[in-house]
Amino acid sequence: MKSACNLLEPLLHAYTEGWLSASDRLRVEQHLRECSACRQKVADWYAVANALRELPTLPAPMPRLPAPEPEPRLVPRLALAMCPVMALLIAWHSSAWRPTLSHLSTYAPPRIITKPLHSYAHTMHRWIAEVQRRWKAF
Amino acid sequence: MASDAQLVERCLRGETTAFDTLVARYRDRVFSLAFRILGEASAAEDAAQEAWLRAYTRLPMYDPAQPFSTWLLCLTARVCLNARRARQTEQHYTERAAKAQPPTPTLEERIYERERQRTLQRLLLRLPVLQRAAVLLYYYEGLSVSEVARALDVPEGTVKTWLYRARESLRQWLQEELGE
């Protein structure tokens, strides 16, 4: 019986998968009726196959988020903040944009501007010059 | 609900939301297969991501005559086998997987609910990787022998032999584990 089992073992596997021809299937079934060891083996194989089929589907983890963009460094941030100031300075230094007393007499009513605009500008200009001087000294 | 083939067609017309729907439909199955072949959650996550990327770029090559799921899962299996080859040798990898039983529950531990499934997964990792892929595609994913053969690029007879050997090995190991 042992040699018959060994010979039939590949067929037993094919039998459990339904891959056998009708004649081979009858041969295997005949053997299974007589051999309890092979019956047990076939039952075990079915059990293994079923356990594999019943493995649960696992929940996929959420997709990983891309790393956050790094904060801009201090120097670029300062440069960005200085842009409007620089624009004002450039505009101020260009003579085409600098208001004159004649502009004031045309556009600004003297009652509202208690102090002439050019005096504010003068103060600011001096302040900027002072800052520049200190910066150079520093 | 749109069929897979319709979604693929819409995707090829440039509708990216159609691909999102396909991902939502199959992401768990792709991850599960990758996890069972590779045995590690992080490696499986990488492989699943790679499989989706490859599926997206190779979508024009998809043949609508076969089910999308079969095409996708075969592609996933191939990505996993490549990932596996690119990593360490089989022996080292198996040893690592066998030793990977830390005292605190890992992601894998949390994913598994039952001891039997854990045992089976552990024993699956003892199989040679090609046998494992064949077993998972055939039993777990329900692909036919010819589809598995095409996915793994081997003759059908080889797949049948692998299935036989794998099932016999698992039967013996389970008997040893369960003390029967």
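Residues numbered from 1 in each chain as written. Chains lettered and ligands numbered in written order. Predicted model: local features only at pLDDT ≥ 70, side-chain atom pairs only at ≥ 80, totals over all residues. Heavy atoms only, no water.

(A) Highlighting the interface of chain B and chain A. Contact residues are listed per partner, giving 29 residues for chain B and 25 residues for chain A. Around 2,800 Å² of area is buried between chain B and chain A when both sides are counted, 60% of it from carbon and sulfur atoms. Among the residues of chain B in contact with chain A, Tyr139, Tyr164 and Arg167 of chain B are the three that bury the most area, contributing 25% of the side total. For the pair chain B and chain A, the interface holds two salt bridges. (Contact = heavy atoms within 4.5 Å. Buried area = accessible area lost by both parts, 1.4 Å probe. Salt bridge = Lys/Arg side-chain N within 4 Å of Asp/Glu carboxyl O.)

(B) A look at the packing of helix 2 (residues 16-38) of chain B against helix 8 (residues 129-140) of chain B. Residue and element names in this part refer to chain B. Packing of helix 2 against helix 8 brings their axes to within 9 Å, and their N-to-C directions diverge by 145°. Judged by the twist between their axes, the crossing of helix 2 over helix 8 is right-handed. Note on element contacts: helix 8 touches helix 2 through Val129, Arg132, Ala133, Leu136, Leu137 and Tyr140, opposite Ser32, Leu33, Arg36, Ile37 and Leu38. A breakdown of the residues in the contact of helix 2 with helix 8 according to their chemical character gives eight nonpolar, one polar and two charged. (Axes fitted to C-alpha atoms, helices over the stretch in contact; angles between N-to-C directions. Helix = DSSP H or I, 4+ residues; strand = E, 2+ residues; numbered from the N terminus. Left-handed = near helix turned anticlockwise from the far one by under 90°. Nonpolar A, V, L, I, M, F, W, Y, C, P; charged D, E, K, R; others polar.)

(C) Local environment of the nonpolar core. Core analysis: the biggest nonpolar cluster contains 67 residues, and Leu52 of chain A together with Phe68 and Leu137 of chain B have the highest contact counts within it. When residues of this core are assigned to their parent elements, the largest contribution, eleven residues, is made by helix 2 of chain B. Formed by 13 residues, the second largest nonpolar core is a distinct cluster that contains Cys5, Val28, Cys35 and Trp45 of chain A. (Core = buried A, V, L, I, M, F, W, Y, C linked by side-chain atoms within 4.5 Å. Buried < 20%, exposed > 50% of the residue type's maximum accessible area, 1.4 Å probe, protein only.)

This is a description of form; function is not addressed.
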